[in-house]
Amino acid sequence: MTSFYLLGGLFLGWSLGANDAANVFGTAVGARMVRFKTAALVASVFVVLGAVLGGSGTTETLVALGAVNAPAASFTLTVVAGLTVFWMTKATLPVSTTQAIVGAIVGWNWFTSSPTDRGTLVKIVASWVLSPVLAALFAVALYYIFKGYLNRRHIHLLRLDAYTRAGLIAVGAIGAYSLGANNIANVVGVFVRSSPFVDISISGPLHLSGVQQLFFLGGLAISLGIFSYSYRMMTAVGNEIVKLTPLLAMIAVLAHALVLLVFASKGLKGALMSLGLPSLPLVPVSSSQAIVGAISGIGMLKSARVVNYRYLGKIVMGWVLTPAIAAAVSLVALFFVQNVFQQTVVR
């Protein structure tokens, strides 16, 4: 049954891939600088690498929010979050998978009378505000760095075009790695306490923990979502908010990737703390909010009038509704799972 329950996490991973791959390659595909198949392949490989190699930090934070300890409950929450993201994807709105799973976990806490770690919840909610603002600031800073460099080098237009295409693929790979590292917690984080996998040693020092195997499975589900259902969302994100040139698109994706890495990197957090500097919490932030913040920052830098505020308003409304819908639906779903299907939702 535990293996069956994992299907809920895989469905959520598929939904995340369908929705959030647009945040990594949407601007490049929308600008017709990178083919969709190339974007999907690069994103799929690096999202799995990010999940397996860098996903532990944000998962610890999500587990601290609510100690979901029954496989049936984990299945229910991931299905609810996955459906919420899928509905928003159908409406071509880049929503936050983080908000969906956080809303579902809070719903589980309410249903089971379990405590919600308020400190963790405050950190996560604060990141929903901070990440798009930080992405906009990163995008503006990168814009001036690239502009100054190009003004000094005077690169030929055809060579600049080739460099930009290669750069879009490179920053897309970084963005996909960041997405896997930061958002794998949303996909399988609620299964960590009930994981069916055991640690294995493949050869010599090569060791794969049960949690890493769980992350690998979740990463594959994200990849499947990228290949099968992300094209419409990529073109929407790439064209609807602001019409970006290929170079500006590359800057936006790089700014988005940096934000996700900042909130996911244990190494960066440790380095800043060792120097006595403040560091950001390791929390799963919204990839959608980061890329929208980066694109909007560049758009406002060019001219506030070029921003599609109507579509931007719809996106923000989706961000507000997503956690509320996920929490409400999880309450109803948990009631049916416990009382109709007679499954244990808390231990």
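Look up: the structure comes first, before these words.
Every value quoted in this text rests on a predicted model; they were computed, and no experiment measured them. (Residues numbered from 1 in each chain as written. Predicted model: local features only at pLDDT ≥ 70, side-chain atom pairs only at ≥ 80, totals over all residues. Heavy atoms only, no water.)

Caption draft 1: Quick look at the overall build of the chain. Tallying secondary structure elements over the chain gives 13 helices and two strands in all. The C-alpha radius of gyration of the chain comes to 20 Å, within 12% of the 20 Å expected for a compact globule of 347 residues. Dimensions of the chain along its principal axes, counting C-alpha atoms only, are 70 × 55 × 45 Å. Once local pairs closer than 6 in sequence are excluded, the contacts in the chain between residues at least 24 apart make up 86%. Put simply, the chain shows about 14800 Å² of open surface, and 68% of that area lies on carbon and sulfur atoms. If the 21 positive side-chain charges of the chain are averaged to one point and the 6 negative ones to another, these points end up 11 Å apart. (Helix = DSSP H or I, 4+ residues; strand = E, 2+ residues; numbered from the N terminus. Rg over C-alpha atoms; globule rule 2.2 N^0.38 Å. Contact = heavy atoms within 4.5 Å. Areas by Shrake-Rupley, 256 points an atom, 1.4 Å probe, with all protein chains shown as cover. Lys, Arg positive; Asp, Glu negative; His and termini not counted. Charge placed at Lys NZ, Arg CZ, Asp CG, Glu CD.)

Caption draft 2: Region of the structure containing unusual backbone geometry. Although it is not a glycine, His154 sits at a positive phi angle of roughly 50°. Relative accessible area serves as the criterion here: at 65%, His154 is assigned to the exposed category. Although it is not a glycine, Gln342 sits at a positive phi angle of roughly 55°. Relative to the assigned elements, Gln342 resides in the segment after α13 (309-339). (Buried < 20%, exposed > 50% of the residue type's maximum accessible area, 1.4 Å probe, protein only.)

Caption draft 3: Inspection of the environment of Thr322 at higher detail. Considering the arrangement of structural elements, one finds Thr322 in helix α13. With a relative accessible area of 0%, Thr322 lands in the buried category. Sequence separation between Thr322 and Phe336 is 14 residues; the distance between their C-alpha atoms is 21 Å. Ignoring any residue separated from it by four or fewer positions in sequence, one finds Thr322 in contact with Thr84, Met88, Val95, Ser96, Gln99 and Ala100.

Caption draft 4: Representation of the packing of helix α3 (residues 56-65) against helix α7 (residues 157-188) within the structure. Look at α3 against α7: their axes get within 7 Å of each other, and the N-to-C directions meet at 30°. Comparing their axes, α7 and α3 come out roughly parallel. Judged by the sense of rotation from one axis to the other, the crossing of α3 with α7 is right-handed. From α3, Thr58, Thr59 and Leu62 reach across to α7, where they touch Ala181, Asn182, Ile184, Ala185 and Asn186. For the contact of α3 with α7, the class distribution of residues is four nonpolar, four polar and no charged. (Axes fitted to C-alpha atoms, helices over the stretch in contact; angles between N-to-C directions. Parallel < 35°, antiparallel > 145°, perpendicular 65-115°, else oblique. Left-handed = near helix turned anticlockwise from the far one by under 90°. Nonpolar A, V, L, I, M, F, W, Y, C, P; charged D, E, K, R; others polar.)

Caption draft 5: Looking closely at the side chain of Thr58. When you line up the elements, Thr58 lands in helix α3. Take Thr58: its relative accessible area is 0%, and that puts it in the buried class. There is a polar contact of 3.1 Å between the side chain of Thr58 and the backbone oxygen of Asn182. (Polar contact = N/O pair within 3.5 Å; in protein donor to acceptor, adjacent residues only side chain to side chain.)

Caption draft 6: Region of interest: the packing of aromatic side chains. Throughout the structure, instances matching the rule amount to 10 aromatic pairs. Each ring, one from Trp14 and one from Phe86, has its centre 5.9 Å from the other, and the planes form 40°; the classification is tilted. With Trp14 in helix α1 (residues 2-30) and Phe86 in helix α4 (residues 71-90), the pair connects residues that are 72 residues apart, well separated along the chain. The exposure class of Trp14 is buried, given its relative accessible area of 18%. With centroids separated by 5.6 Å and ring planes inclined at 35°, the aromatic side chains of Trp14 and Tyr229 adopt a geometry described as tilted. With Trp14 in helix α1 and Tyr229 in helix α8 (residues 210-229), the pair connects residues that are 215 residues apart, well separated along the chain. On the accessibility criterion, Tyr229 (27% relative accessible area) is partly exposed. Chaining the aromatic ring pairs together yields one cluster made of Phe11, Trp14, Phe86 and Tyr229. (Phe/Tyr/Trp six-rings, centres within 6.5 Å; stacked < 30°, edge-to-face > 60°.)

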